[in-house]
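For reference, the chains in residue letters:
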Amino acid sequence: MAENFDVGARLKALRVGAALSQRELAARANVPHAQISIIEKNKSSPSIATLRKILGGLDVSMSDFFEDDQRKKFGPFFGVDDLKDLTSRVTARAIDNGEGRLTLRQVGDARAYNLQILHEVYEPGADTGEAMLQHFSTEGGYVVEGELELTVGDEVRVLKAGESYLFDSRVPHRFRNPSTGITIVISACTPPYL
C-alpha cells in the first residue's frame, strides 16, 4: 500500500460506483451510518475488522481495495493479456457443483467506469449453481458461441449463438451451459457486480 493512499476517497469512489448512499452501505455492512461519513472524510482511520465489514457491504476484497491504481490499465484499448481474471470471485461465492469450468475475464477497471464488461467461457456443464445470483445491477449479454441456459426469476430459456439477454439483476438468476460444447458470452453489468 502506498504511503499516500487515500482510504476515504477510495471508499467513497467504490460506494458511489455501487450506487449506494452512506446509509445503504452502513446497513449492508452492519456499521453505524456516521462511521462511513467519518472514514470518507478521513477524520478517522478504520480498524482492519471495520474496513473488512464495510468492504463486505460493497462486495470488494481488501486486496482490490488497496490495489495500486497506477498499475491498472485504463484504456482505451486492451489486449488479451490486459483482461483481469475474476473467476475466483465467482467460484468462491456462487458455483456449486457444476461439471465444467467457468472463466470470467474483465475488460479494464469496472469501478472507474461504473461498467463491467466480461468475456465469459463456459465449458460443458459449467453452472453458476443452484443458489441463484442476485445483486443490485442491470446486466446484458450476447452469446458468441454455443448455448447458454439462462434462468431469470421463473423464466428459463436456452440462448444460442447470436441471441442475447438484458434484465434487472435484482431478480434471482442463474447461468448454465447445457451443451456438449464450449459457450462464449460477452456481457456487461452496471454498476459492477464482481
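Now for a quick tour of the structure. This one's a predicted model, so the numbers in the text were calculated from it and none came from an experiment.

Examining the overall build of the protein chain
Now for step 1: Secondary structure summary: the protein chain contains seven helices and nine strands in total.
Now for step 2: Relative to its full complement of 194 residues, the protein chain shows a buried share of 42%.
Now for step 3: Taking contacts inside the protein chain between residues at least 6 apart in sequence as the whole, the part at least 24 apart equals 66%.

Quick word on the packing of aromatic side chains
Now for step 1: Counted according to the given criterion, the structure contains two aromatic pairs.
Now for step 2: Note on tyrosine 165 and phenylalanine 167: the rings are 6.0 Å apart at their centroids and 35 degrees apart in plane angle, and the pair reads as tilted.
Now for step 3: Judged by its relative accessible area of 10%, phenylalanine 167 falls in the buried class.
Now for step 4: Ring geometry for tyrosine 165 against phenylalanine 175: centres 5.7 Å apart, planes inclined by 55 degrees, an arrangement best described as tilted. Of this pair, tyrosine 165 sits in strand S7 (residues 164-168) while phenylalanine 175 sits in strand S8 (residues 173-176), and the two are 10 residues apart along the sequence.

Considerations on helix H2 (residues 22-29)
Now for step 1: Restricting attention to buried positions, one finds in H2 the residues Gln22, Leu25, Ala26 and Ala29. Angular distribution of buried residues about the axis of H2 spans 100 degrees; they occupy a single face of the element. Among the exposed residues of H2, those pointing more than 90 degrees away from its buried face are Arg23 and Ala27.
Now for step 2: Summarising the contacts, the buried residues of H2 are in contact with helix H1 (7-17), helix H3 (33-40) and helix H4 (48-58).
Now for step 3: The first or second residue beyond H2 is asparagine 30, which carries a positive phi of 60 degrees.

Some details on the environment of isoleucine 117
Now for step 1: On the secondary structure map, isoleucine 117 appears in strand S3 (residues 116-122).
Now for step 2: Residues contacting isoleucine 117, with those up to four places away along its chain left out, are Arg105, Gln106, Val107, Ile186, Ser187 and Ala188.

Looking at the packing of H1 against H3
Now for step 1: One can describe the packing of H1 onto H3 by two numbers: an axis separation of 7 Å at closest approach and a directional angle of 125 degrees. Our classification of the angle between H1 and H3 gives oblique. Of H3, the residues touching H1 (which contributes Val7, Gly8, Ala9, Leu11, Lys12 and Arg15) are Ile36, Ile39 and Glu40.
Now for step 2: Of the residues assigned to the contact of H1 with H3, the class counts are five nonpolar, one polar and three charged.

Some remarks on the environment of valine 171
Now for step 1: Within the secondary structure, valine 171 sits in the loop between S7 and S8.
Now for step 2: A C-alpha to C-alpha distance of 9.1 Å links valine 171 and methionine 132, two positions 39 residues apart in sequence.
Now for step 3: Ignoring sequence-local partners within four residues, the contact set of valine 171 consists of Leu133, Gln134, Val152 and Gly153.

Concerning the pairing of S8
Successive residues of a regular strand alternate their side chains across the two faces of the sheet.
Now for step 1: Covered by surrounding structure in S8 are His173 and Phe175 only, the residues Arg174 and Arg176 on the alternate face being uncovered.
Now for step 2: The pairing of strand S5 (residues 147-152) with S8 spans four bridges and is classified as antiparallel. Note on S8: the bridge partner recorded for threonine 151 is arginine 174.

Re H3
Now for step 1: Considered for burial, the residues of H3 that qualify are Ile36, Ser37, Ile39 and Glu40. Seen from one end, H3 has its buried residues packed into an arc of 165 degrees, which puts them on one side.
Now for step 2: At its buried positions, H3 is contacted by H1, H2 and H4.
Now for step 3: Note on H3: the residue one or two positions beyond its end, asparagine 42, has a positive phi of about 60 degrees.

Thoughts on the sheet that holds S8
Now for step 1: As summarised here, the arrangement of the three strands in space is S6-S5-S8, forming an open sheet in which the pairing is antiparallel. Of all the strands in the sheet, just strand S6 (155-160) and S8 have a single pairing partner and so form its edges. Across the sheet, the mean angle from the axis of one strand to that of its neighbour is 15 degrees, orientation sign disregarded.

Definitions and limits used
- Counting of residues starts from 1 at the beginning of each chain's written sequence and follows it residue by residue.
- Reporting in this predicted model follows two pLDDT cut-offs: at least 70 for local features of residues, and 80 or more for side-chain atom pairs to be given and counted; totals over whole chains, interfaces and linings ignore these cut-offs and use all residues.
- Hydrogens and water molecules were not included; the side-chain quantities draw on all heavy atoms of the structure.
- Numbered from the N terminus, helices here are DSSP runs of H or I no shorter than four residues, and strands are runs of E no shorter than two.
- Exposure is judged per residue with a 1.4 Å probe applied to protein chains only, and the accessible area is read against the type maximum: over 50% gives exposed, under 20% gives buried, and values in between give partly exposed.
- Note on contacts: a residue pair qualifies if any of its non-hydrogen atoms lie within 4.5 Å across the two residues.
- Side-chain rings of Phe, Tyr and Trp (the six-membered ring for Trp) are treated as a pair once their centres are within 6.5 Å; stacked means planes under 30 degrees apart, edge-to-face means over 60, and tilted covers the remaining angles.
- The arc in question is formed by the directions pointing from the helix axis toward the C-beta atoms.
- In this description, a line fitted to the C-alpha atoms serves as the axis of each element, helices being fitted only across the stretch in contact, and the angle between N-to-C directions of two axes falls anywhere from 0 to 180 degrees.
- Each angle receives one of four descriptions, namely roughly parallel if under 35 degrees, roughly antiparallel if over 145, roughly perpendicular if within 65 to 115, and oblique otherwise.
- Here the nonpolar group is Ala, Val, Leu, Ile, Met, Phe, Trp, Tyr, Cys and Pro; Asp, Glu, Lys and Arg are the charged ones; every other residue, Gly included, is treated as polar.
- We call two strands paired when DSSP finds no fewer than two bridges between them.

Read these as geometric descriptors, not functional statements.
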